[in-house]
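Here is what each chain is made of, one letter per residue.
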Amino acid sequence: MKIVFAPDSFKDSLSAEVVADILEKKAREFFRDCEMCKVPLADGDKGTVNALLAILEGSRGHALARDYRGEMTEVEYGVLEQDTMVIETAGLLWERETESCSVSCKIMSSSSYGVGELIRFGLDQGYRKIYIGAGASVVNDGGMGCLQALGVRFYDSMGCLLEGSGENLNEITEINTEELDPRILEASLTVMCAFNNTLTGEQGVTYTYGARHGADPAQLLQLEKGMRRLGTLLEKLHGHSVCEQPGTGAGGGFPAALHALCGARLTSGISTVLDLIGFEQIVEGASLVVVGEGIVNQSSIYGKAMAGIGMLCKAREIPVVAVVGSMERGAEQLYHYGIHSMAACVNAVMEQAYVVENAEELLSHAAERLFRLLIVGMRMQTGENCLADIQTRKYRREEEPQGIHWAVKPDESAG
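Just so it is clear, the structure is predicted and the values come from calculations on it, not from any experiment.

Participant: I'm lost on the packing of helix α8 (residues 217-238) against helix α9 (residues 254-262) in this one. Help?
Facilitator: Geometry of a packed helix pair, given as the angle between the helix axes and the separation of the axes. Relative to each other, α8 and α9 sit at 25°, their axes nearing to 9 Å. In terms of their interaxial angle, α8 and α9 are classed as roughly parallel. Between α8 and α9 lies a crossing of left-handed hand. Together, L234, L237 and H238 of α8 and A256, A257, H259, A260 and L261 of α9 make up the contact between the two elements.

Spelled out as structure tokens, the structure:
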């Protein structure tokens, strides 16, 4: 029997590598003679560089670029071949504190300028094949800032130059590409979209993510109106509409801008990663694939890692189960995307700080619950007592700030 562990990271608490280690360690308590394979993954969001370099030969580099607030920050990138660069934009467009109310006002003024800076840096270094991950983002500027960094100029009705930001989208009357970096046309750009949301509409970047990042109803209307204006202007330059194209709404909308004016190819982030690392070959002969992600909800079916892996394995009749941080509304939709069952780490009322601090333990307990159910399923199929060789366990009562819980440990008296 072969088990493949292919989790994504649990944002703000556990890397994909740590998640894979914990899952494998717990699985070995129940499936000791199994062949096991760890493949930490990402879908174009945070961790994509690590996921690719863990499987493929390559190196790491560092560059400076502006984050969504305009502050210079160091960003890690990957080099897969002499002329191939992998960029992760999560460090520029997203960070943990963006979820707090204290930065909610940033959505109108935030910019994707740093993404364009990273692309320009790559061109300066001689890279002509550039993969760009587009995932979570507090930015809502449609890639206006990104294009600005690459030489594109935006003007209002008075002929004044506009800075890239969400609040300026609705002021654009002209897009001038005369100073666009000509090296862009020599390069092959691939945007790995972690979400397949569109640029505009109900499933667009503004209405899907804007409200989560602090935009009030009036700002949402302004941002959506501005995004539609940008889309119309890009359509005039590009020749066809980009507003309804899947993936254009990832990363705050910058994929739409790169696709329209720089010829970037938009792909599913998880599909691209799986293709680059040869995931089909990795899961060949597998009896089970175990995936994982921090929070799953309705948006998880829009191009995220679990759905991508689930569909690939479904086509090959390989069962997939998941250990997740928590399940929100709509998580059950993943059952239609090749995920057979999910076990949540958060199985009681807990403070977020407690969950983050105890993430490894909570993950281990959730994995044990899942693997015990798998054992029961095996027993139902074979009629054998598959738990016969598992150590006898006893429980100890522990006092913790959240109250009393029962922790499991091996019985020291067991042979």
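Participant: Looking at this model, I keep getting lost on the pairing of strand β4 (residues 72-81). Mind explaining?
Facilitator: In summary, the side chains of a regular strand alternate between the two faces of the sheet. Bridging between strand β3 (residues 59-66) and β4 involves eight bridges; their strand directions are antiparallel. Pairing of G61 across the sheet is with Y77, part of β4. Between β3 and β4, which pair antiparallel in sequence order, lie five residues; one of them, G70, sits at a positive phi of approximately 90°. As defined by bridge partners, β4 adjoins strand β5 (residues 84-88) across four bridges and the pair is classed as antiparallel. Within β5, the position partnered with V79 by the bridge is M85.

Participant: Is there a simple way to think about helix α10 (residues 269-277) in this case?
Facilitator: Side chains that are three or four residues apart share a direction in an α-helix, a result of its 3.6 residues per turn. All of the buried residues along α10 are G269, I270, T272, V273, L274 and I277. Residues of α10 that are buried in the fold lie against α2 (48-55), β6 (129-134), β9 (188-193), β10 (265-268), α11 (279-282) and α12 (305-315). Just downstream of α10 lies G278, where phi reads positive at about 70°.

Participant: What's the story with the nonpolar core in this structure? I'm lost.
Facilitator: In globular proteins that are soluble, nonpolar side chains generally tend to be buried together. Counting 57 residues, the largest nonpolar core has I119 and L258 as the members making the most contacts within it. Sequence-distant contacts of I119, defined by excluding residues within four places in its chain, comprise I87, I130, I132, C146, L150, I184 and L258. Listed in part, the 38 residues of the second largest apolar core include M192, C313, I318 and V320.

Participant: Would you mind showing me how to read the pattern of salt bridges here?
Facilitator: It is possible for side chains of opposite charge to pair when their charged atoms get near one another. With the rule as written, the count across this model stands at 19 salt bridges. A salt bridge links K38 to E24; its shortest N-O distance comes to 3.4 Å. Of this pair, K38 sits in strand β2 (residues 35-38) while E24 sits in helix α1 (residues 16-27), placing them 14 residues apart in sequence. Looking at K38, the relative accessible area reads 35%, which means it is partly exposed. One salt-bridge network, in which partners are shared between bridges, spans K11, D43, D45 and K304.

Parameters and conventions
- Residues numbered from 1 in each chain as written.
- Predicted model: local features only at pLDDT ≥ 70, side-chain atom pairs only at ≥ 80, totals over all residues.
- Heavy atoms only, no water.
- Axes fitted to C-alpha atoms, helices over the stretch in contact; angles between N-to-C directions.
- Helix = DSSP H or I, 4+ residues; strand = E, 2+ residues; numbered from the N terminus.
- Parallel < 35°, antiparallel > 145°, perpendicular 65-115°, else oblique.
- Left-handed = near helix turned anticlockwise from the far one by under 90°.
- Contact = heavy atoms within 4.5 Å.
- Pairing = 2+ DSSP bridges.
- Buried < 20%, exposed > 50% of the residue type's maximum accessible area, 1.4 Å probe, protein only.
- Core = buried A, V, L, I, M, F, W, Y, C linked by side-chain atoms within 4.5 Å.
- Salt bridge = Lys/Arg side-chain N within 4 Å of Asp/Glu carboxyl O.

In short, shape yes, function no, at least from these values alone.
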